[in-house]
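# Structural overview for review
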Amino acid sequence: QVQLVESGGGLVQAGGSLRLSCAASIRTFSSDAMGWFRQAPGKEREFVAAISWSGASTRYADSVKGRFTISRDNERNTVYLRMNSLKPEDTAVYYCAASIIPVVPTSTLQYDYWGQGTQVTVSS
């Protein structure tokens, strides 16, 4: 069983930055892609960013492209999401997810394991 635990969420003013971390209970295997999703109240869970095991391939939602950066440290079994220039519309619960495939999917249906989420609130 893969367990994912997010941390780093909190309250930040618009224009500020946060770094989210996702620690896995086991070492991430080469076939695993890691992703970040977010869900605001009353809205669908949406894709934010994803990264391949090697880190060579990344994908971002258009809404965060240029502001967010996903990275991973396989030795530490951790994936990160650096969020810069935060906007109030970024407010959501952010979820870490793992996909046991060698590509970088963007659909929630393509991820096998999920963390419990961490709240990010951006005030104006």
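Below you will find a few notes about this structure. (Residues numbered from 1 in each chain as written. Predicted model: local features only at pLDDT ≥ 70, side-chain atom pairs only at ≥ 80, totals over all residues. Heavy atoms only, no water.)

Let us look at the packing of aromatic side chains. What the rule picks out here adds up to four aromatic pairs. Here phenylalanine 37 and phenylalanine 47 contribute two aromatic rings whose centre-to-centre distance is 5.7 Å and whose plane-to-plane angle is 75 degrees, an arrangement assigned as edge-to-face. Here phenylalanine 47 lies in strand β5 (residues 46-51) and phenylalanine 37 lies in strand β4 (residues 32-39), a separation of 10 residues in the sequence. Neither phenylalanine 37 nor phenylalanine 47 differs from the other in exposure class; each is buried. When the centroid spacing of 5.1 Å and the interplanar angle of 80 degrees are considered together, the rings of phenylalanine 37 and tyrosine 111 count as edge-to-face. Here phenylalanine 37 is found in strand β4, whereas its partner tyrosine 111 is found in the loop between β9 (92-100) and β10 (113-114), with 74 residues between them in sequence. For the pair shown, phenylalanine 37 and tyrosine 111 are each scored as buried. An aromatic cluster is present here, built from Phe37, Phe47, Tyr111 and Trp114 joined pairwise through their rings. The lysine or arginine in question, arginine 45, covers the ring of tyrosine 95, its NZ or CZ lying 3.7 Å from the ring centre. (Phe/Tyr/Trp six-rings, centres within 6.5 Å; stacked < 30°, edge-to-face > 60°. Helix = DSSP H or I, 4+ residues; strand = E, 2+ residues; numbered from the N terminus. Buried < 20%, exposed > 50% of the residue type's maximum accessible area, 1.4 Å probe, protein only. Lys NZ or Arg CZ within 6 Å of the ring centre and 35° of its normal.)

The backbone phi angle of asparagine 77 is positive, close to 55 degrees, even though this residue is not glycine. Here asparagine 77 shows up in the loop between β7 (68-73) and β8 (78-83). The backbone of serine 85 sits at a positive phi, close to 50 degrees, despite the residue not being glycine. Mapped onto the elements of the fold, serine 85 is located in the loop between β8 and β9.

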